[in-house]
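What follows is the residue order along each chain.
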Amino acid sequence: MFMSLFLKECKIWCKSILFYAYIIILFFFYVTQMRSESAIKRPRPGEKEYGITYSENNSDIMNGTLKVLLNEYYNNKFVTYPMGFYKPVILSANEIKQVEKNISKLTGITEKDWKEKLDHYYESKNIKWSFYITKDIGYNEFLSIMSDLEKVIGKGSKYSAKALKGNAKIAKTYEQALKEYDEFLKKDKVTRAYARVFSDYMGIVLAILPAFFGVARVLQDKRSNASAVIYSKKCSSIIIVLSRCLAIIVMLFIPVLILSCFSLVESLYIAKTMGAAPDYFVYLKFCIGWLLPILMFVSMLSYFITELTNSILALLINSGIWFVSVFLGFDSPLISVGWNLVPRFNIIGMHGMFQEIFPQLVKNRILYSILGVFMILISILIYSIKREGGHKFYGKISQNFNNQS
Amino acid sequence: MNTEIVLKNVNKFYGKNQALKDISLTIPNGMFGLLGRNGAGKTTLMKILATLHNADTGKVMICGLDVEERAKIRDKIGYLPQDFTMYGTMSVYEVMDYLGTLAGLKKKERALRIPQMLDKVNLQNNYKTKVKAMSGGMRRRLGIAQALLNNPQVLIVDEPTAGLDPEERVRFRNLLCEIADQRIVILSTHIVGDIEATCENIAILHEGELCFSGKVSELLNIAKGKIYIAEISKLELEEMKSKYIVTGMLTKGSKVEVRFVSEDNSFPYARSVEPNVEDAYLYLMNGKEKV
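Along every chain, residues carry numbers that run from 1 in the direction the sequence is written. Chain A is the first chain written and ligand 1 is the first ligand written, with later ones labelled in order. Whole-chain, interface and lining totals are the exception, using all residues; otherwise, since this is a predicted model, local features are given only for residues with pLDDT of at least 70 and side-chain atom pairs are given and counted only at 80 or more. No hydrogens and no water enter the side-chain calculation; it runs on all heavy atoms of the structure.

Caption draft 1: Structural view of a nonpolar patch on the surface. All names here are of chain A. Within this analysis, patches are made of residues with over 30% relative accessible area and no salt bridge. Like charges are joined at 9 Å or less; nonpolar side chains (Val, Leu, Ile, Met, Phe, Trp, Tyr) at 5 Å or less. Shrake-Rupley sampling with a 1.4 Å probe provides the accessible areas, and residues are treated as covered by the protein chains on show and by no other component. Salt bridges are counted wherever a side-chain nitrogen of Lys or Arg sits within 4 Å of a carboxyl oxygen of Asp or Glu. Taken together, the side chains of Phe27, Val250, Ile254, Ile258 and Phe262 make up a nonpolar region of the molecular surface, amounting to roughly 430 Å² of accessible area. Put simply, DSSP H or I for four residues or longer makes a helix, DSSP E for two residues or longer makes a strand, and each gets a number counted from the N terminus. If you tally residues by element for the nonpolar patch, the top one is helix 11 (residues 237–274), at 4 residues. Relative to the helices and strands, Ile258 is located in helix 11.

Caption draft 2: Structural view of the interface of chain B and chain A. Between chain B and chain A, the residue contacts involve 42 residues of the former and 36 residues of the latter. Defined in terms of a 1.4 Å probe, buried area is the accessible area two parts forfeit on being brought together, summed over both. For the pairing of chain B and chain A, the buried interface totals around 3,200 Å² over both sides, and the portion due to carbon and sulfur atoms is 55%. Of all residues in chain B, B:Arg74, B:Tyr87 and B:Leu102 bury the most surface against chain A, accounting for 22% of the area lost on that side. Counting across the interface, chain B meets chain A through 5 salt bridges. Here A:Glu388 and B:Arg70 are joined by a salt bridge, their closest N and O atoms 3.7 Å apart. Here a polar contact means two N or O atoms within 3.5 Å. Within protein one must be a hydrogen donor candidate and the other an acceptor candidate, and residues neighboring in sequence count only if both atoms are side-chain atoms. The interface formed by chain B and chain A includes 17 residue pairs in polar contact (both at pLDDT 80 or more). Every element with two or more residues in the side of chain B that touches chain A is listed here: strand 1 (5–14), strand 2 (17–27), helix 1 (42–49), helix 2 (70–76), helix 3 (92–102) and helix 5 (136–148) of chain B. Looking at the side of chain B that touches chain A element by element, the count peaks at 6 residues for helix 3 of chain B. Across the side of chain B that touches chain A, the residue classes break down as 17 nonpolar, 14 polar and 11 charged. Contacts are assigned to residue pairs that have any heavy atoms within 4.5 Å of one another. Note on residue classes: Ala, Val, Leu, Ile, Met, Phe, Trp, Tyr, Cys and Pro are nonpolar, Asp, Glu, Lys and Arg are charged, and everything else, Gly too, is polar.

Caption draft 3: How the structure looks around the packing of aromatic side chains. Residue and element names in this part refer to chain A. Each aromatic pair joins two rings of Phe, Tyr and Trp (for Trp, the six-membered one) with centres within 6.5 Å, and gets the label stacked for planes under 30 degrees apart, edge-to-face for over 60, and tilted for any other angle. Tallied over the entire structure, the rule returns 25 aromatic pairs over all chains. Ring centres 5.0 Å apart and planes at 50° place the aromatic pair Trp13 and Phe213 in the tilted group. Linking Trp13 in helix 1 (residues 2–14) with Phe213 in helix 9 (residues 209–223), this pair joins segments that are 200 residues apart in sequence. We call a residue buried when its accessible area falls under 20% of the maximum for its residue type, exposed when it is over 50%, and partly exposed in between, using a 1.4 Å probe and counting protein chains only. Residue Phe213 is classed as buried on the basis of its relative accessible area of 2%. An aromatic cluster of at least three residues, connected via ring pairs, comprises Tyr74, Tyr121, Tyr122, Trp129 and Phe131.

Caption draft 4: Molecular detail of the UniProt feature "domain: ABC transporter" (unreviewed entry) in chain B. UniProt positions are given in the numbering used here, feature names are shortened, and annotations may be inferred rather than shown by experiment. As recorded in UniProt, the sites labelled "domain: ABC transporter" (unreviewed entry) are residues 5–232 of chain B. Structurally, residues 5–232 of chain B comprises 36% helix and 31% strand, and the distance from its first C-alpha atom to its last is 47 Å.

Caption draft 5: Inspection of empty space enclosed by the protein at higher detail. A cavity, in this analysis, means grid points on a 1 Å lattice covering only the protein atoms where a 1.4 Å probe fits yet has no way out; a pocket is instead an open set bounded by protein on both sides within 12 Å along at least five of seven lines, and a residue lines either one if it has an atom within 4 Å of a point. Grid points are joined across faces, edges and corners, and a volume is the space filled by probe spheres set on the points. Overall, the coordinates contain 1 cavity of 30 Å³ or more when judged by the stated rule. In this structure, the largest cavity encloses a volume near 40 Å³. Lining of the largest cavity is provided by A:Ser232, A:Lys233, A:Lys234, B:Arg74, B:Ile77, B:Gly78, B:Tyr79, B:Ala103 and B:Asn150. Broken down by element, the residue count for the lining of the largest cavity peaks at 3 residues, all from strand 6 (residues 77–80) of chain B.

Caption draft 6: Seen up close, the sheet that holds strand 13 (residues 255–261) of chain B. Residues and elements named next belong to chain B. Paired strands, as defined in this entry, are two strands with at least two bridges between them according to DSSP. The strand order 12-13-11-14 describes an open sheet built from 4 strands, whose pairing is antiparallel. One side of each edge strand has no neighbouring strand; the edge strands of this open sheet are strand 12 (245–252) and strand 14 (271–272). Both strand 11 (residues 227–233) and strand 13 contribute to a ladder of 7 bridges, which runs antiparallel. Across the sheet, residue Ile227 finds its bridge partner in strand 13, namely Val261.

Next comes the structure, spelled out in structure tokens:
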């Protein structure tokens, strides 16, 4: 009975405009985002530059941050992302004074001296940067000063603890560039690097689009007045809900797999031209391990909320989760995992960095997979209660459980 | 085999509102009519029988099984709810196949039963018709066909003729009578004509209370000698309406032939007539309201 019902549920989606809209949006997103990604080129000795990297060294972080601070101070324009969106901050005279005090502490020179030096640097060309953190300042004290600065400038500034590493941009050496190229070729086998970026992009859309499917499937019964007939049938609630949920997940996952094949073919071609031994199954692994948990969680959360409330409330909740995950929940806009629904790794290469975040990524994905399964289980429970006319509680939500004649 | 439905002291509350008040009723094999105004509690009672609602107190036995044994009961019943419809994009055959699967029928059984049922409800030429393209009457017939898929011992039909044109209504009533052979068919309606044309046994609900249960002939007996016809002038009509329950009127030129309920023949020129179900129902309802 289950397979028969599951196939019928899949067929329902095949006739749905929503499903084709999903495919079009997914394809459009893939084409516009993934096409712009280019491969890492083999570095040659003696090149003018090899790109930039982010230093983990405390001294680099401190000096890099000082440079950013002085630049922003000079222009009195401090870049912040308080809600994930860009917001330039212009400080008042009093606030500027507080920043100046902190710069004096950081540089260890008088306000008058560093101001003169800074004016001279910006007015004259070809002067080497000569501002450094004084030796008297340790990393902990530096962090404390940054905390003070953030209070003055506002949240989401370049002086927040999360953003400090991003200030430590340093030029890559030839050796570093070569190492990264080798890792791209041998460890990532080219295909893995592309699969990561594919998952990164697809994760953004998969964190919101499946929500529409959970809502649509549950409300379809209500809109079509079909609930009572279906409730009265012999089939168990477990089979009904499970077949519906699995059909949603499978039908939403198939287009992702097909798109991944396009990307796989492209990355195989690049791998071949670069002489790398590609991993043919890496996209499949990333789709299952990275994207499936997002898809499951989002679609099943919306299914559960809609089953509970018989309304489109799930769309609001899912939109909120999506907004927080994509715009607020990151440490860095390009690479971020934590417990965020949408892990980010928007860089081709950086194998070492991926290895570092991988254990957390695994834990993160397991959490969302479990939550997805949990949503299915409680949806079954709620459906089962609704089939029996609800229970002896009466509230706004439970009004959906009972329909008095 | 036990082929009756027994309700004993059934009560149902929605919050503080009591939808069913101590209902005790036995429903035998054949067509059974459940009559009552809108909001009388008919749908609640039907939903309890269809295992979609719980009774708060009391006992409900369907063909010897306690209604709490939902899985077993659902295997024995067919249910056509009020305003039945299904997903608009599905065809007639797909609806039957989908609901047949939910009813636990295997593929072979479905392949055999679906054409039989569609033939029975005269939808044999509409296999590919989409639900959204069907008329109200066609949808009701599809509803009956799906309810019969599992060959149920009990068929529960809630307000099936509301909104149908007269021809469709007659066709539908006839269909229900055909089906009622060797099974219980419970027809809930507020249209007295449906009951009169199809049911031998009926129950009447009024504000959640059972105010009559028995054969149609017994209901008619209650109103016997209380139904009259009189020919009056149009000017007397308003006065007539204020004094009596008028169950029918027929204009004849400047006169009106009025059919009314009266405990005694106090109206001059009135003659006693045999009551029909509508007269008896209105007589009963009027008595309930006075109480």
